[in-house]
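Examining the three-dimensional arrangement
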Amino acid sequence: MSTRPMRIRATEEAGLTTVRVLMEHPMETGVRRNADGAPIPSHYITLVEATHNGRAVLSAQWGTAVAQNPLLTFRFRGAAKGDRVAVRWTDNRGGTRTDEAVIA
Amino acid sequence: MASLVALGIVTAQQAHAAGRPGFEARTLQDALRAVGGVPAPSNQIRVTSPDIAENGALVPVGVSSILPGVTELFILVEHNPFPLLAAFTLAPGTEPDVQIRIRMGQSSNIVAVVRSNGQLFSATKSTRVTLGGCGA
């Protein structure tokens, strides 16, 4: 499954960096059925890892109840404008994607 | 673990569940037990969510806390089929302040749990859902 790049916006103000990430992912719960009544297998992000200049700042384990095309916001200290924030997601089918942004 | 799955000793689902305590729990109590016990209520955790969500498939939820030394933050929806839906691990310097969009199957309490200096605390916010979000 190819996905469009995550939209990551990272801004720093008064020492606090806010990161907003929009991920493209169906986040299929596994509960839905298709028109023939067959269950649609689950397909959802299970792990999110965010780093600042290569150092882990946040990791998250997700279940099926995170909404489709997840929008995640988190905040951390110790970064400066121009630093890099990278976000990687991994899903339950082994799919993965990493995208990066520069802190503005 | 992969070889156990190949041998049929462990199902793929069980292998996936390993290392993800609480995500397979079907009740709020079981999920909290898996996370580490019964949290103490705290007014130093804020859960923001709509009072009424028109679309249960897309409910914005925020959790923030002024408790010290928060290393983990959990989000649960009491009446979802699997109440534990997110577990965040925060590095030092990362604020206990996250926002995410979730699915709610029906009107329910949203429970946020944080681990502050090793102890669990929680806060709750009720959200009414007019159209359930787990799909039919």
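It should be emphasised that the depicted structure is a prediction, and the values quoted were computed from it without experimental measurement.

Structural notes on the overall build of chain B
The secondary structure content of chain B amounts to 3 helices and 9 strands. Start at the N end of chain B and walk to the C end: the helices and strands fall as α-α-α-β-β-β-β-β-β-β-β-β. For chain B, the proportion of its 136 residues judged to be buried stands at 39%.

Points about the interface of chain A and chain B
The interface of chain A with chain B comprises 25 residues on the first partner and 28 residues on the second. Breaking the side of chain A that touches chain B down by element, the ones donating at least two residues are strand 4 (55-62) and strand 5 (71-77) of chain A. Taken together, the residues that form the side of chain A that touches chain B break down as 14 nonpolar, 8 polar and 3 charged. Looking at chain direction, strand 4 of chain A and strand 6 (residues 84-90) of chain B are connected through 5 bridges and run antiparallel. Residue A:W62 lies in a different strand from strand 6 of chain B, and its bridge partner there is B:A86.

Let's talk about the pairing of strand 8 (residues 108-116) of chain B
Residue and element names in this part refer to chain B. With 8 of 9 residues buried, strand 8 lies mostly within the body of the structure. Alignment of strand 8 against strand 9 (residues 119-129), held across 9 bridges, turns out to be antiparallel. Note that in strand 9 the partner of I110 across the bridge is K125.

Concerning the sheet that holds strand 2 (residues 16-22) of chain A
With antiparallel pairing, 6 strands are arranged side by side in an open sheet as 1(A)-2(A)-5(A)-7(B)-4(B)-2(B). Here the strands that pair on one side only, and so sit at the sheet edges, are strand 1 (7-13) of chain A together with strand 2 (45-48) of chain B. Sheet twist, expressed as the mean angle between neighbouring strand axes with direction ignored, is 10°. Sheet topology note: the strand 5 of chain A/strand 7 (residues 94-102) of chain B ladder contains 3 bridges and is antiparallel. When the bridges of strand 7 of chain B are listed, A:F74 appears paired with B:V98.

Observations concerning unusual backbone geometry
All names here are of chain A. Positive phi outside glycine occurs at A14, with the angle close to 50°. With respect to the helices and strands, the residue A14 is situated in the loop between strand 1 and strand 2. According to the C-beta neighbour criterion, A14 is exposed, with 5 such atoms within 10 Å.

Re the pairing of strand 7 (residues 96-102) of chain A
Residues and elements named next belong to chain A. Relative to strand 7, strand 6 (residues 84-91) runs antiparallel, the two sharing 7 bridges. The partner of A86 across the bridge, within strand 7, is E100. Where strand 6 folds back on strand 7, the antiparallel hairpin that results is connected by 4 residues, among which G94 adopts a positive phi of roughly 85°.

A few points about the environment of A:V19
Residue and element names in this part refer to chain A. Take V19: it is sitting in strand 2. Residues V19 and L72, spaced 53 residues apart in sequence, show a C-alpha to C-alpha distance of 8.0 Å. Discounting chain neighbours no more than four positions away, the residues touching V19 are I8, A10, A50, T73, F74 and V85.

Here is what the cut-offs are and how they apply
- Residues numbered from 1 in each chain as written.
- Chains lettered and ligands numbered in written order.
- Predicted model: local features only at pLDDT ≥ 70, side-chain atom pairs only at ≥ 80, totals over all residues.
- Helix = DSSP H or I, 4+ residues; strand = E, 2+ residues; numbered from the N terminus.
- Buried ≥ 20, exposed ≤ 12 C-beta atoms within 10 Å, placed from the backbone.
- Contact = placed C-beta atoms within 7 Å.
- Nonpolar A, V, L, I, M, F, W, Y, C, P; charged D, E, K, R; others polar.
- Pairing = 2+ DSSP bridges.
- Axes fitted to C-alpha atoms, helices over the stretch in contact; angles between N-to-C directions.

Limitation: the analysis is restricted to geometry and does not speak to function.
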